[in-house]
Amino acid sequence: MQNPKKVENLKGHLSNEELEERERQEGAFRREKVEIRMPESLSNDITGQQVWSQTLNDADTFGIFDNLDSETLGSYCSIVSRITSLRKKYLSALNGHRKNADVLELSKELRLLEASQLNYAGKLGLTPESRVRLAQKLVPPETDPDDDLYGD
């Protein structure tokens with residue numbers, strides 16, 4: 001599937017009317033009133049619920065989530081909850097409370113979940129890199145006073 005191009009990437013290729021229409025179309029996907037509901041999958045997961053609440057509180061000022069993000073955010077919270085649980089088991093295993101095979105299995109699963117966590121976090125705008133990308137889209141670039149220095 002081809003990724004759609006954002007308006008800010010197409011400015012040199014579209015007329016002003018086409019740019020305005022494209023911006024209007026992109027704006028149609030954002031709701032003014034966002035009511036993200038916790039997915040049912042987190043109903044029995046206390047750690048996941050805590051991650052959900054903390055993430056929404058921290059991200060509230062950025063306005064990066066929409067109603068359609070609840071399942072993806074729920075998956076992220078489930079992954080973080082599972083990682084928390086596995087880390088406790090892993091530390092217990094390292095302290096000699098489990099067999100070496102358990103340590104290796106827990107380590108492998110932790111690595112896979114941590115990679116998934118970073119992937120979800122990047123998509124949701126929860127990593128420093130993804131927030132920089134979001135900030136660049138929100139803040140227009142400054143105009144250079146010497147922009148026409150060579151007659152461009």
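Predicted model, so just to flag it, every value in this text is computed and none were measured.

Parameters and conventions
Residues numbered from 1 in each chain as written. Predicted model: local features only at pLDDT ≥ 70, side-chain atom pairs only at ≥ 80, totals over all residues. Heavy atoms only, no water. Helix = DSSP H or I, 4+ residues; strand = E, 2+ residues; numbered from the N terminus. Buried < 20%, exposed > 50% of the residue type's maximum accessible area, 1.4 Å probe, protein only. Contact = heavy atoms within 4.5 Å. Areas by Shrake-Rupley, 256 points an atom, 1.4 Å probe, with all protein chains shown as cover. Expected span 1.5 Å × (residues − 1). Arc of directions from axis to C-beta. Salt bridge = Lys/Arg side-chain N within 4 Å of Asp/Glu carboxyl O. Core = buried A, V, L, I, M, F, W, Y, C linked by side-chain atoms within 4.5 Å. Patch = residues over 30% accessible without salt bridge, like charges linked within 9 Å, V, L, I, M, F, W, Y side chains within 5 Å. Lys, Arg positive; Asp, Glu negative; His and termini not counted. Charge placed at Lys NZ, Arg CZ, Asp CG, Glu CD. pLDDT = per-residue confidence, 0-100.

J.: I tried to follow the overall build of the protein chain on my own but got confused; where do I start?
T.: In terms of helices and strands, the protein chain carries five helices and zero strands. Going residue by residue from the N terminus, the α and β elements of the protein chain occur as α-α-α-α-α. Among the 152 residues that make up the protein chain, the fraction classed as buried is 24%. Sequence separation of 24 or more characterises 55% of the internal contacts of the protein chain that already satisfy a separation of 6 or more. Roughly 11,900 Å² of accessible area belongs to the protein chain as shown, and the carbon and sulfur atoms make up 49% of that amount.

J.: I keep staring at helix 2 (residues 46-59) and nothing clicks. Help me out?
T.: Residues separated by three or four positions in an α-helix point in the same direction, a consequence of the helix having 3.6 residues per turn. Its 14 residues give helix 2 an end-to-end C-alpha distance of 20 Å, which sits within 8% of 20 Å, the value for a rise of 1.5 Å per residue. Those residues of helix 2 lying buried are Gly48, Val51, Trp52, Thr55 and Ala59. Burial along helix 2 is one-sided: seen end-on, the buried residues are contained in an arc of 105°. Away from its buried face, by an angle of more than 90 degrees, helix 2 presents the exposed residues Ile46, Gln50 and Asn57.

J.: Would you take a moment to explain the pattern of salt bridges for this structure?
T.: It is possible for side chains bearing opposite charge to pair when their charged atoms get close. Applying the stated criterion across every chain yields a total of three salt bridges. In this structure, Arg82 and Glu109 form a salt bridge, with 3.0 Å as the shortest nitrogen-oxygen distance. Residue Arg82 is found in helix 3 (residues 70-97), and its partner Glu109 is found in helix 4 (residues 100-124); the two are separated by 27 residues along the sequence. On the basis of relative accessibility, which here comes to 33%, the residue Arg82 falls in the partly exposed class. Glu109 gets classed as partly exposed once you look at its relative accessible area, which sits at 27%. In this structure, the salt-bridge partner of Glu114 is Arg87, at a minimum N-O distance of 2.7 Å. Taken as a pair, Glu114 in helix 4 and Arg87 in helix 3 lie far apart in primary sequence, 27 residues in all.

J.: Honestly, the nonpolar core in this entry has me stumped. Any pointers?
T.: Soluble, globular proteins show a tendency: their nonpolar side chains are buried together. Judged by nonpolar contacts, the single largest core of 13 residues is most densely connected at Val51, Trp52, Phe65, Leu73, Tyr76, Cys77 and Leu124. If you list the elements that add at least two residues to this core, you get helix 2, helix 3 and helix 4. Considering each element in turn, this core owes the most residues, four residues, to helix 3. Residues Ile79, Leu106, Leu110 and Leu113 belong to the second largest nonpolar core, which totals eight residues.

J.: Help me understand a negative patch on the surface, please; the structure alone is not making it clear to me.
T.: Together, Glu17, Glu18, Glu20 and Glu23 give the surface a local cluster of negative charge. Positionally, Glu20 belongs in helix 1 (residues 16-27). With a relative accessible area of 56%, Glu20 lands in the exposed category.

J.: Please clarify how helix 4 should be interpreted in this entry.
T.: With 25 residues, helix 4 should cover 36 Å at 1.5 Å per step; its first-to-last C-alpha distance of 36 Å lies within 8% of that length. All of the buried residues in helix 4 are Val103, Leu106, Ser107, Leu110, Leu113, Gln117, Ala121 and Leu124. Of the residues flanking the end of helix 4, it is Gly125, one or two places downstream, whose phi is positive at about 80°.

J.: What exactly am I supposed to notice about the environment of Glu40 here?
T.: Mapped onto the secondary structure, Glu40 falls in the loop between helix 1 and helix 2. When the C-alpha atoms of Glu40 and Glu71 are compared, they prove to be 9.3 Å apart, with 31 residues separating the residues in sequence.

J.: Mind showing me how you'd approach the confidence of the model for the protein chain here?
T.: Regions with low pLDDT should not have their predicted coordinates read in detail. Residue-level pLDDT values for the protein chain average 79, and 72% of them are 70 or greater. The least confident element of the protein chain is helix 1, whose mean pLDDT is 70; the most confident is helix 2, at 93.

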